[in-house]
Amino acid sequence: MNIEAIAGIEAMETVGHFINGANVADHGRRQDVFNPATGKAIRQVALASKEIVEEAIAAAAKAFPAWRNTPVAKRARVMFRFKQLLEQNADHIVALLTEEHGKVLHDAQGEFARGVEIVEYACGAPQFLKGEHSKNVGPAIDSWSEFQPLGVVAGITPFNFPAMVPMWMYPMAIVCGNTFVLKPSERDPSAPMLVAELLHEAGLPEGVFNLVNGDKVAVDTLLTDPRVQAVSFVGSTAIAEYVYQTGSAHGKRVQALGGAKNHAIVMPDADMDNAVSALMGAAYGSCGERCMAISVVVAVGEETGDVLVGKLKAELKQLKVGPGTDNNNDMGPLITRQHFEKVQGYVDLGEREGAELVTDGRGLCVSGFEDGFFLGGTLFDRVTPEMKIYQDEIFGPVLCVVRVDTMREAMDLIDQHEYGNGTCIFTRDGEAARYFSDNIKVGMIGVNVPLPVPVAYHSFGGWKRSLFGDLCAYGPDAVRFYTRRKTITQRWPSSGVREGAQFSFPASH
Ligand code: NAD
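Keep in mind the model is a prediction, meaning the values are calculated, not measured. (Residues numbered from 1 in each chain as written. Predicted model: local features only at pLDDT ≥ 70, side-chain atom pairs only at ≥ 80, totals over all residues. Heavy atoms only, no water.)

> Can you tell me about the overall build of the chain, naming the residues and giving the values?
The helix and strand tally for the chain stands at 16 helices and 24 strands. Referenced to the eigenvectors of the C-alpha coordinate spread, the extents of the chain come out at roughly 85 × 70 × 40 Å. Counting every position in the chain, which comprises 509 residues, the buried fraction comes to 57%. Long-range contacts, defined here as pairs at least 24 residues apart, represent 72% of the contacts in the chain between residues at least 6 apart. A total accessible area of about 21,000 Å² is found for the chain, and carbon and sulfur atoms account for 51% of it. Across the chain, the 47 positively charged side chains and the 61 negatively charged ones have centroids separated by 8 Å. (Helix = DSSP H or I, 4+ residues; strand = E, 2+ residues; numbered from the N terminus. Buried < 20%, exposed > 50% of the residue type's maximum accessible area, 1.4 Å probe, protein only. Contact = heavy atoms within 4.5 Å. Areas by Shrake-Rupley, 256 points an atom, 1.4 Å probe, with all protein chains shown as cover. Lys, Arg positive; Asp, Glu negative; His and termini not counted. Charge placed at Lys NZ, Arg CZ, Asp CG, Glu CD.)

Structure (structure tokens):
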């Protein structure tokens, strides 16, 4: 891996960059990377200067003409080899995810597997890039549309899925014939770096895929450099909006996926035990640090609310919180001390706002991991829409129960919320489920499915302030996002036939 020990000072490894097929050390700005379970800095990550990012963009720009003209079957073959290498290195990648993110190993395996599924889909590029053809659109005239790559594409990704979210982007961008510069999260940089090296080992030519670690300096360089044609971003809504506006103002195609506050409706006729199991995993899995996590449950009817809260409270007593390296745990720590304090601050705020604190996760001590960023599962009941804990994305193990009288009220709450990433309904009533799916203003819907993350051959994206741009991530939308349509109309009239000038607008008769 691209980890360099700095001679002279206390040996602390630094994750650098990967440019033009080689590891690039960087002795400039850097910051600590933590193991959130122990609370200790375990290595550092370089924060690229503008010049280093420009070097990566230049490498990608140089590699583009040859890669664009490489037969699509050959590009797909690199993805096949990449998939094999990913599977061979799965344990190492998963261990890095747990070490730097904190998620439990079984959860990290799930993340990794969903990332590999995108690579599998990318292997089908010869099929999905075939284009469209129409013969005889006019006399001796044929017409076809082809989908050409854009050029240099950038990806900027969040901390919560350090392997999977980058894999939402670069396999599809690259197999479509683009070259790529990835700027992963500076909080857990090692897994993306290892994956970059595997991509190179799979036979990708130098410069087709580059990775720069960094912060706002790197992001701003990618957003403003005229050689970058398109930007895919995933992260918080404030930054997504900034990326969308800045990138668009610089003439780039941008898709920017933002934050979420995903509601689950529980109807009075729901299978309550199964709904509660599903909600536990969706609310507290990965410590609530998922953009598809359920953070609000809307109970329809007082009795539903009472049963639900009683069962969730009982389940929370069984929730196992501890280091991600122990596969018996359900939930690990939060990503950083700063984020831990922010989430804990929301629990304090919820109390002040008057919500009923049913289970308090504060003050949790994990034996042997006293300095880790652990917060226990927290449950608030009788949360109302005016409260900040209802409005804001907390991104931690905090579940809010809101009580309403009707399904219409529950749907209005969801529709009025600024985010529209995912939502689900628990019910046995097919008509209610169908009405909900058809009418709710959210991009990804579950019916008795708490985390309706679309599979690799569909596409992922929310509505409202959860997605800026027109096309979703991966799947068929990625083919459209990473290519540009070109339509060619061609005529080969029979020789010897002389035709006069035509001044009327051409039509097919
Ligand atoms: P973040 O917005 O802080 O960071 C995302 C990326 O933006 C990182 O690479 C970071 O370096 C960069 N960045 C941060 N501040 C910046 C600034 N001021 N200027 C330019 N770039 C900046 O997000 P995060 O905390 O890493 O991730 C969690 C967020 O991501 C949550 O809001 C979550 O909902 C969201 N998320 C959304 C999806 C989705 O598909 N909608 C998926 C995963 C995560």
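> Any chance you could break down unusual backbone geometry for me, citing the residues and the numbers?
For N448, which is not a glycine, the phi torsion comes out positive at approximately 60°. Positive phi outside glycine occurs at K464, with the angle close to 55°. Of note, K464 is situated in strand 22 (residues 463-464).

> Describe the pairing of strand 15 (residues 294-300), and please don't skip the residues or the numbers.
For strand 15, the buried fraction is high: seven of the seven residues fall into the buried class. Taken together, strand 14 (residues 262-266), helix 10 (residues 272-284) and strand 15 constitute a β-α-β crossover, and its handedness is right-handed. (Right-handed = clockwise from strand over helix to strand, strands pointing away.)

> Provide a residue-level description of the site of the ligand, including the pertinent values.
In the vicinity of the ligand lie 26 residues, with K183, E186, R187, S236 and E393 positioned nearest. Within the side chain of E393, one N or O atom sits 2.6 Å away from an oxygen atom of the ligand. Burial of the ligand by the protein chains amounts to 88% of its free accessible area of 840 Å². Listing elements by their share of the shell around the ligand, those giving two or more residues are helix 8 (216-224) and strand 12 (228-234). The class makeup of the residues in the shell around the ligand is 13 nonpolar, eight polar and five charged. (Near = heavy atom within 4 Å. Polar contact = N/O pair within 3.5 Å; in protein donor to acceptor, adjacent residues only side chain to side chain. Nonpolar A, V, L, I, M, F, W, Y, C, P; charged D, E, K, R; others polar.)

> Let's hear about the sheet that holds strand 15: which residues, and what values?
If you trace the seven strands from one edge of the open sheet to the other, you get 16-17-18-15-14-20-21, paired in mixed fashion. Each edge of the open sheet carries a strand with a single partner, namely strand 16 (356-359) and strand 21 (444-447). When the angles between neighbouring strand axes are averaged without regard to direction, this sheet yields 20°. Each of strand 14, strand 15, strand 17 (378-381), strand 18 (398-404) and strand 20 (422-426) touches helix 10; the most contacted strand, strand 15, lies at about 155° to it. Against the sheet, helix 15 (residues 430-439) touches strand 14, strand 20 and strand 21, its axis set at about 175° to strand 21. (Pairing = 2+ DSSP bridges. Axes fitted to C-alpha atoms, helices over the stretch in contact; angles between N-to-C directions.)

> Could you give an account of the nonpolar core, with specific residues and numbers?
One finds F82, L86, W168, Y170, I174 and F209 to be the most contacted residues of the largest nonpolar core, which totals 74 residues. Counting residues per element, this core draws most heavily on helix 6 (residues 164-175), which supplies 10 residues. There are two domains that each give this core at least three residues, and those are domain 1 (7-258 + 466-487) and domain 2 (262-447). Residue contacts for I174: discarding those within four places in its chain leaves W67, R75, M79, F180, L199, L204, V208 and F209. Among the nonpolar cores identified, the runner-up in size contains 67 residues, and A37, C287, M331 and F373 belong to it. (Core = buried A, V, L, I, M, F, W, Y, C linked by side-chain atoms within 4.5 Å. Domains from an automatic or database assignment.)

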